[in-house]
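Architecture and fold: a report
For reference, the chains in residue letters:
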Amino acid sequence: MKVKSWISIITVFVLILVLALTGCSNSDSQKTGGSTKKDTPKSNDEKEVTINLGFYSGGKSDEKMQALIKKFMTAHPNIKVTSQSAPYGQFYQKLDTQIAAQEAPDVWLSDGVLVMKYAERGAVKDLTEWINRDLNKDDYYGLDFNKDANGKYWAVPQGIQIGVLYYNKDLFDKAHVEYPNENWTWDDLQTAAAKLTLDAGGKNANESGFKSNNISQFGLTFFSITEGWFSVLKSYGGGVLDESMKKSIIHSDENKKAFEWMVDGMKRGILTDPADLKSFQSPMAVFPSGAAAMRIGIYARVLAANEAGLNYDVTVLPKGPDGNRFAPVISNSWVINSKVSDEKAKAAWEWIKFWATEDEVQKEWAELGEAVPVKKSVANSDVFLKAAGNPANKKAFLDSFEFAGALDTNAVWEEWVAKFNEHAQRAFLGESSIEDSLKGADKDIQKILDEFYKK
Amino acid sequence: MSNTVVNNMAAETIPTTKKRKYFSHEGRWGLILVSPYLIHLIVFVVGPLIASLYFSLSKYDMLNPPKWVGLENYQKLFHEPLFYKSLWNTIYFAILFVPAQTFLALLLAVALNQKLKALKLFRMAHFIPVISSWTVIMYVADAIFNPRFGLANTFLLKLGLDPQRWFNDEHLVIPLLVLVAVWKGIGYIMIIYLAGLQSVPNELYEAAEMDGAGTIRKFTSITLPLISPTTFLVIVLSSITTFQAFEQIYVMTGGAADISAAGGPNNSSLVLMLYLYREGFSFMHMGYASAIAWILFIILFTLTIIQLKIQKKWVHYD
């Protein structure tokens, strides 16, 4: 009797569990299955397809995106677009769990540095064939930055971020220093930056009695990979990964020289070190607040600088000792979910084509001033180059494409960057030697790469 | 009426304890009535628990189905220096935080248990940080400890001393985080202590006074033993919260701007939960992160068992 009643109790538990679980999976199949059903019956001549579009955004860009979606639906009456958006951080946190639950959007906007994370894990569709068929690659910036080592394309750029040198004209004028120009080397930059670095007593870095631990104005603000060490390493002839993106090349003489330049600048107080950055509300706030004369910055940084009413301009980034130059690029891109039906993937591709090829769309998005337009004809037109407001030299962004490159992005990009930052930070703060930091970073990053690629 | 109910219950409890009839009319209703809770428990607690145990034994990047790897994640964990570093940081945080908060909250509760003017105002003032979000607390702490603009460095410079990096100093970051955590949490613990203190009968103090006991004697011989169950509760609660500390360190070390900065500088404030989050949600090592979670669970479980065992020696229940 006792055993029997225990069995019945367990049966009830199991029943409840099954009920609850089927409840979950029911809603799942209803959503995915239901939407495909929705796609089919309404058709008159052509089938109606619904695609879900995911993107990260803030207030203004959200409105613009909705307007463009409406335009797209008018142009493509058989495609219905639903959308979901969230601020950057939340968007990606949600996206990963959505992919896990097979509930991800059919097409989404991926940060340029994350494309490979999704591509190499099989979450997004290989677009090589469609791109070769429908897009003339010479017409667009940034397509090649989403190409992997095997020559496959995984994404189509939505807007480009490319790094240039920003400088605050007022601070240069006050210190009677000539504005930066395209012939500058990193050493020229540091010489000028020393004159522009002021301590709390108003002395510059070349004067005796200058206090490097109490600085009120930095020569150059320097932050993490994109707007910090990556372009310095590259223009010194160094780098992080080789072309296969599976091998670390960190422990090199070129990188050592680049690090010497950076560490020397930080020691003298000319460049912001990681601890200096922490005294600002955000590492991005140093330049707009007027606390630094120069910054390495991507295009999106014009927004904050203009908002702060800064009198500034931009030029291409300095050269390395051998005349090499490097501009970091992040091409934020549209990717298609690898799990969607062919029908939906094709509809999603229509959206991507609409975005990249239509001049009107490109112009409207360029008006927001968040990114360099993807289509070269639009980027080289007055819409972009002669847009109102600073910087005057917008051509510098386009000129930089000549020596531009992605940030050695691969599936474990976030992980190796964190590891690199960890070791670099020790060198920057003088807690370990440059040699030890590079050696340590090399070893740890190779371990990360091996773990992922040698499955 | 009430008598009949009692009689009925008495009559029925005898057979049911002998023969557990779960499917009697009442048993069925019992199960149906607790089923919302049971379903919640199974779907949201037991389910994820089993899932996370399974994940901890597999390679799982969230984007692809988990692959069984046995104990590999645990082996990796025990060979990873960063795991030991984060474990030590967590313990160090707890060693500073739990005694400091418990002791100071008790002092504060005793002080605010007196007959003071504007007593409610004082109690409320100490409770404000409890209900403030960590972001607000971060700005307050920044006003004091910002290396460039903060009060602390301005003060040091006035005295002719070298300015400090505070939260950006490897050796200062945990003590400072503890300081802020105590300041934020003390109001809550104080309330728990106030409740404990008010349950101590006044007669005991009066009797002790008649016997000539002074203030300190009364505190050590009456107050402390009688509120020992409260102290026990406080210690258990705050050690669990320290092991689960995440939000504070994430916010105060700049994790929102750059996840690789969270737990800095140089991972010197990287605690277990932060390490778990970074591995799981930033680096897509959900299997490894689940293994960290299970180790964390084992640590907390053992700690609570030890505390339960030790309490017999010093906690006095009525």
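All values reported here derive from a predicted model rather than from experimental measurement.

This part covers the overall build of chain A. Each helix and strand in chain A was counted, giving 18 helices and eleven strands. Contacts spanning at least 24 positions in sequence make up 73% of the contacts within chain A whose residues lie at least 6 apart.

Moving on to the overall build of chain B. The helix and strand inventory of chain B stands at 14 helices and two strands. Relative to the 2.2 N^0.38 estimate, which gives 20 Å for 318 residues, the radius of gyration of chain B is 26 Å and therefore markedly larger than a compact globule would have. Expressed as lengths along the three principal axes of its C-alpha atoms, the size of chain B is roughly 80 × 70 × 35 Å. Every one of the 318 residues in chain B was classed for burial, and the buried ones make up 29%.

With that out of the way, let us pick up the interface of chain B and chain A. Contact residues are listed per partner, giving 32 residues for chain B and 34 residues for chain A. Where the side of chain B that touches chain A is concerned, the elements lending two or more residues are α2 (25-56) and α13 (272-282) of chain B. It is α2(B) that contributes the most residues to the side of chain B that touches chain A, six residues altogether. Tallied by class, the residues present in the side of chain B that touches chain A amount to 17 nonpolar, nine polar and six charged.

Moving on, we come to the packing of helix α5 (residues 119-131) of chain B against helix α8 (residues 173-198) of chain B. All names here are of chain B. Axis separation between α5 and α8 bottoms out at 7 Å; the angle between their running directions is 120°. Classed by the angle they form, the pair α5 and α8 counts as oblique. When you trace α5 past α8, the crossing you get is left-handed. Residues His126, Phe127, Pro129 and Val130 of α5 lie in contact with α8, whose contacting residues are Trp183, Lys184, Gly185, Ile186, Gly187, Tyr188 and Met190. Taken together, the residues of the contact of α5 with α8 break down into seven nonpolar, three polar and one charged.

What follows covers the nonpolar core. A:Ile162, A:Val164 and A:Met262 are the most contacted members of the largest nonpolar core, which totals 184 residues. For this core, the element with the most residues is α8(B), which contributes twelve residues. Those residues within four positions of A:Met262 in sequence are excluded, and the remaining contacts are A:Trp229, A:Val232, A:Leu271 and A:Phe428.

All names here are of chain A. Ordered by their spatial adjacency, five strands build an open sheet running β6-β7-β8-β5-β9, and the pairing between neighbours is mixed. Both edges of this open sheet fall to β6 (198-199) and β9 (312-315), since each of them pairs with a single strand only. Bridge analysis of strand β5 (residues 164-168) against strand β8 (residues 292-297) gives four bridges, and the strand direction is antiparallel. Across the sheet, Tyr166 pairs through a bridge with Arg295, a residue of β8.

This paragraph deals with the confidence of the model for chain B. Here chain B averages 87 in pLDDT, while 92% of its residues score no lower than 70. For this predicted complex, the interface score ipTM comes out at 0.79, while the overall pTM is 0.84.

On to the domain arrangement of chain B, then. Residues and elements named next belong to chain B. As far as domains go, chain B holds domain 1 (22-73) and domain 2 (74-314). Placing the centre of domain 1 and that of domain 2 at their C-alpha centroids yields a distance of 32 Å. Taken together, the contact between domain 1 and domain 2 spans 13 residues of the former and twelve residues of the latter. Residue assignment for the side of domain 1 that touches domain 2 shows that the elements contributing at least two residues are α2, β1 (58-59) and α3 (72-78). Among the residues forming the side of domain 1 that touches domain 2, the class breakdown is six nonpolar, four polar and three charged.

This part is about the environment of A:Ala200. Residues and elements named next belong to chain A. Tracing the backbone through its elements, the reader meets Ala200 in the loop between β6 and β7 (215-221). Spatially, the C-alpha atom of Ala200 lies 38 Å from that of Asp399, the residues being 199 residues apart in sequence. Not counting residues up to four positions away in its chain, the partners in contact with Ala200 are Lys211, Asn214 and Ser216.

Procedures and definitions
Residues numbered from 1 in each chain as written. Chains lettered and ligands numbered in written order. Predicted model: local features only at pLDDT ≥ 70, side-chain atom pairs only at ≥ 80, totals over all residues. Helix = DSSP H or I, 4+ residues; strand = E, 2+ residues; numbered from the N terminus. Contact = placed C-beta atoms within 7 Å. Rg over C-alpha atoms; globule rule 2.2 N^0.38 Å. Buried ≥ 20, exposed ≤ 12 C-beta atoms within 10 Å, placed from the backbone. Nonpolar A, V, L, I, M, F, W, Y, C, P; charged D, E, K, R; others polar. Axes fitted to C-alpha atoms, helices over the stretch in contact; angles between N-to-C directions. Parallel < 35°, antiparallel > 145°, perpendicular 65-115°, else oblique. Left-handed = near helix turned anticlockwise from the far one by under 90°. Core = buried A, V, L, I, M, F, W, Y, C linked by C-beta atoms within 7 Å. Pairing = 2+ DSSP bridges. pLDDT = per-residue confidence, 0-100. Domains from an automatic or database assignment.

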